[in-house]
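Survey of secondary and tertiary structure
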Amino acid sequence: MASRNLDDLHPALQPLAHAFLARCQDAGVTPLITCTWRSGAEQDALYAQGRSAPGPRVTNARAGQSAHNFTLNGQPAARAFDVVPLVAGKPQWDAGHPHWQIMGRIGTELGLNWYGRPGAPFREFPHFELVKGIA
Ligand SMILES: [Zn+2]
């Protein structure tokens, strides 16, 4: 089971994630964290989905390749978190809903790399990642 705990984020990402959640709340958006860290085995199971296992393809990253798999000194230190906005208490997965753009703007203002932006390496609206170069 992948972690949803902000404590499993990279130390540089934790304060940004807390700020992200607070600013979203101020803007009337309620993000639900769906994933912070996941293990290599969990990553490989996710990679298999839509390939050797049933379901839609949800990732192009194998174990160790995802920002969600990152560790520091053997401890979880994910360089990304995934979120979905709650609307009337339910996850709103339709990326056309305006709350996605509000979350994207806030994450971008905080210096995060939002994969929902035009020109992202691949479009993945729930994914906010620590920029490269922060050790
Ligand atoms: Zn992600």
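Quick summary incoming for the structure in this document. What you are looking at is a predicted structure, and each value in this text was computed from that prediction instead of being measured.

Regarding the packing of aromatic side chains
Taken as a whole and assessed by the stated rule, the structure comprises 7 aromatic pairs. Ring geometry for phenylalanine 20 versus phenylalanine 128: centroids 4.9 Å apart, planes at 50°, classification tilted. Of the two residues, phenylalanine 20 sits in helix H1 (residues 14-26) while phenylalanine 128 sits in strand S7 (residues 127-129), which places them 108 residues apart along the sequence. With centroids separated by 5.9 Å and ring planes inclined at 75°, the aromatic side chains of tryptophan 114 and phenylalanine 125 adopt a geometry described as edge-to-face. Residue tryptophan 114 is located in strand S6 (residues 113-114), and its partner phenylalanine 125 is located in the loop between S6 and S7; the two are separated by 11 residues in the primary sequence. Assigned by exposure class, tryptophan 114 and phenylalanine 125 land together as buried. In textbook terms, an aromatic cluster arises when at least three aromatic residues are bridged by ring pairs, as seen for Phe20, Phe81, Trp100, Trp114, Phe125 and Phe128. Above the ring of phenylalanine 70, the side-chain terminus of arginine 79 is found at 5.3 Å from the ring centroid.

A few points about the pattern of salt bridges
Inspection of every chain in the model, using the stated rule, returns 4 salt bridges. Linking glutamate 109 and arginine 23 is a salt bridge whose minimum nitrogen-to-oxygen distance equals 4.0 Å. Of the two residues, glutamate 109 sits in helix H3 (residues 98-109) while arginine 23 sits in helix H1, which places them 86 residues apart along the sequence. With a relative accessible area of 39%, arginine 23 lands in the partly exposed category.

Considering the side chain of aspartate 8
Along the chain, aspartate 8 turns up in the segment before H1. Buried charge without a partner: aspartate 8 forms no salt bridge, and the closest opposite charge is arginine 4, 11 Å away. Within polar-contact distance, the side chain of aspartate 8 engages the side chain of serine 3 at 2.6 Å. Filtering out sequence-adjacent residues up to four positions away, aspartate 8 remains in contact with Ser3, Thr36, Trp37, Pro76, Ala77 and Ala78.

The rules behind these values
Residues numbered from 1 in each chain as written. Predicted model: local features only at pLDDT ≥ 70, side-chain atom pairs only at ≥ 80, totals over all residues. Heavy atoms only, no water. Phe/Tyr/Trp six-rings, centres within 6.5 Å; stacked < 30°, edge-to-face > 60°. Helix = DSSP H or I, 4+ residues; strand = E, 2+ residues; numbered from the N terminus. Buried < 20%, exposed > 50% of the residue type's maximum accessible area, 1.4 Å probe, protein only. Lys NZ or Arg CZ within 6 Å of the ring centre and 35° of its normal. Salt bridge = Lys/Arg side-chain N within 4 Å of Asp/Glu carboxyl O. Lys, Arg positive; Asp, Glu negative; His and termini not counted. Polar contact = N/O pair within 3.5 Å; in protein donor to acceptor, adjacent residues only side chain to side chain. Contact = heavy atoms within 4.5 Å.

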